[in-house]
Amino acid sequence: MSERPELDPGAHALISRASELFSAAPGNPQSPFRYPVLATIGRDGSPNGRILVLRTADPMAWQVTLHSDSRAEKVSELAGNDAAMLVFYDHEASLQLRLKGAIDRSTDSAVREAIWAELPASNRPNYRASLPTGSPISAAGDGIDPAAAQSGYENFDVLTFSAKTVDILQLSRNGNRRYRLDVALGTGSWLVP
Ligand SMILES: Cc1cc2nc3c(=O)[nH]c(=O)nc-3n(C[C@H](O)[C@H](O)[C@H](O)COP(=O)(O)O)c2cc1C
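Chemist: What exactly am I supposed to notice about a nonpolar patch on the surface here?
Modeler: On the surface, Tyr-35, Val-37 and Ile-51 cluster together into a nonpolar patch covering about 250 Å² of accessible area. Tracing the backbone through its elements, the reader meets Ile-51 in strand 2 (residues 47–51).

Chemist: Please clarify how the site of the ligand should be interpreted in this entry.
Modeler: Taken together, Tyr-35, Arg-50, Ile-51, Leu-52, Val-53, Arg-55, His-67, Ser-68, Ala-72, Glu-73 and Lys-74 are the residues near the ligand. Glu-73 has a polar backbone atom sitting 3.3 Å from an oxygen atom of the ligand. Class assignment of the residues belonging to the shell around the ligand gives a composition of 5 nonpolar, 2 polar and 4 charged.

Chemist: Sorry if this is basic, but what is going on with the packing of aromatic side chains here?
Modeler: Any aromatic ring pair is given by two values, namely how distant the centres are and how the planes are angled relative to each other. With the rule as written, the count across this model stands at 8 aromatic pairs. Residues Trp-116 and Phe-156 carry aromatic rings whose centres are separated by 5.1 Å and whose planes lie at 55 degrees to one another, so their mutual orientation is tilted. In this pair, Trp-116 is assigned in helix 3 (residues 109–118) and Phe-156 in strand 7 (residues 156–170), connecting sequence segments 40 residues apart. Judged by relative accessible area, Phe-156 falls into the buried class, the value being 0%. Ring geometry for Tyr-127 against Phe-156: centres 5.2 Å apart, planes inclined by 85 degrees, an arrangement best described as edge-to-face. Within this pair, whereas Tyr-127 is found in the loop between helix 3 and strand 7, its partner Phe-156 is found in strand 7, the two being separated by 29 residues in sequence. Exposure class is identical for Tyr-127 and Phe-156. Each is buried. Members of the aromatic cluster, each reached through a chain of ring pairs, are Phe-22, Phe-33, Trp-62 and Phe-88.

Chemist: Where do I start with the pairing of strand 9 (residues 187–191) in this structure?
Modeler: Regular strands place their side chains on alternate faces of the sheet. In this structure, strand 8 (residues 177–182) lies alongside strand 9, joined through 5 bridges in antiparallel fashion. Within the sheet, the bridge partner assigned to Tyr-179 lies in strand 9 and is Trp-190. Where strand 8 folds back on strand 9, the antiparallel hairpin that results is connected by 4 residues, among which Gly-186 adopts a positive phi of roughly 75 degrees.

Chemist: What am I meant to see in the side chain of Ser-70 here?
Modeler: For Ser-70, the position within the fold is in the loop between strand 4 (63–69) and helix 2 (73–80). Residues in contact with Ser-70, not counting those within four places in the same chain, are Val-75, Arg-105, Glu-154, Asn-155 and Asp-157.

Chemist: Help me out: how do you make sense of helix 2 in this one?
Modeler: Each α-helix winds once per 3.6 residues, and so residues spaced three or four apart point in a common direction. All of the buried residues in helix 2 are Lys-74, Val-75, Glu-77 and Leu-78. One side of helix 2 holds all its buried residues, which, seen down the axis, span an arc of 160 degrees. Among the exposed residues of helix 2, those oriented more than 90 degrees off its buried face are Ala-79 and Gly-80. Close packing links the buried residues of helix 2 with strand 1 (37–41), strand 2, strand 4, strand 5 (83–90), strand 6 (95–105) and strand 7.

Chemist: Quick question: what am I supposed to make of the side chain of Glu-77 here?
Modeler: With respect to the helices and strands, Glu-77 occurs in helix 2. Assessed through its relative accessible area of 2%, Glu-77 is described here as buried. In this structure Glu-77 touches Thr-40, Ile-41, Gly-42, Arg-43, Asn-48 and Arg-50, once residues within four positions along its chain are discounted.

Rules and cut-offs
- Residues numbered from 1 in each chain as written.
- Predicted model: local features only at pLDDT ≥ 70, side-chain atom pairs only at ≥ 80, totals over all residues.
- Heavy atoms only, no water.
- Patch = residues over 30% accessible without salt bridge, like charges linked within 9 Å, V, L, I, M, F, W, Y side chains within 5 Å.
- Areas by Shrake-Rupley, 256 points an atom, 1.4 Å probe, with all protein chains shown as cover.
- Salt bridge = Lys/Arg side-chain N within 4 Å of Asp/Glu carboxyl O.
- Helix = DSSP H or I, 4+ residues; strand = E, 2+ residues; numbered from the N terminus.
- Near = heavy atom within 4 Å.
- Polar contact = N/O pair within 3.5 Å; in protein donor to acceptor, adjacent residues only side chain to side chain.
- Nonpolar A, V, L, I, M, F, W, Y, C, P; charged D, E, K, R; others polar.
- Phe/Tyr/Trp six-rings, centres within 6.5 Å; stacked < 30°, edge-to-face > 60°.
- Buried < 20%, exposed > 50% of the residue type's maximum accessible area, 1.4 Å probe, protein only.
- Pairing = 2+ DSSP bridges.
- Contact = heavy atoms within 4.5 Å.
- Arc of directions from axis to C-beta.

What is shown is where atoms sit, not what they do.
Following this line, the structure appears as structure tokens:
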């Protein structure tokens, strides 16, 4: 196996800081990194973005899992174009993280079933809407039946995002610093912030 190229100490420290915030986020509801914006490319080529909860984060592979309703707009967008970006910002740490990569929809029903079984009961009604997410309704709350016949599992999707590049911006009074890492190569470079 080939050795990873050495990063300079400053880059190493910055990547470690971002990676700590990233890996701690799924387990900490107070962490701003738990609520990244997921950007996708719309079916008409226009941009689209929304917040999703970070369910798992693997800082070695810069991979994450996300949950969605399979009928959501984002899922049809990703079926047409799997390119995606996750954008995080932690105000206290003054750190922005932008992961650019692609999303895969899990087709492994054993994996989906295991994750569904672990979901808090309060999350399950999110997948029980009688109409697809984003459908127009005549009044707020229409289309959501808490006693719906379906469990919600049939609409539950697990999305796996894998980053190709990791772009970190550290804001500082002593000078902002920006570094972009290529995940596959393990190399990167400093950029003008
Ligand atoms: C704090 C917060 C957390 C959210 N978490 C999720 C989530 O984990 N999965 C999800 O599909 N939508 C989540 N949403 C809703 C999305 O932002 C979005 O409104 C919804 O998924 C429909 O997006 P779409 O039409 O682009 O598919 C969350 C919204 C907020 C404000």
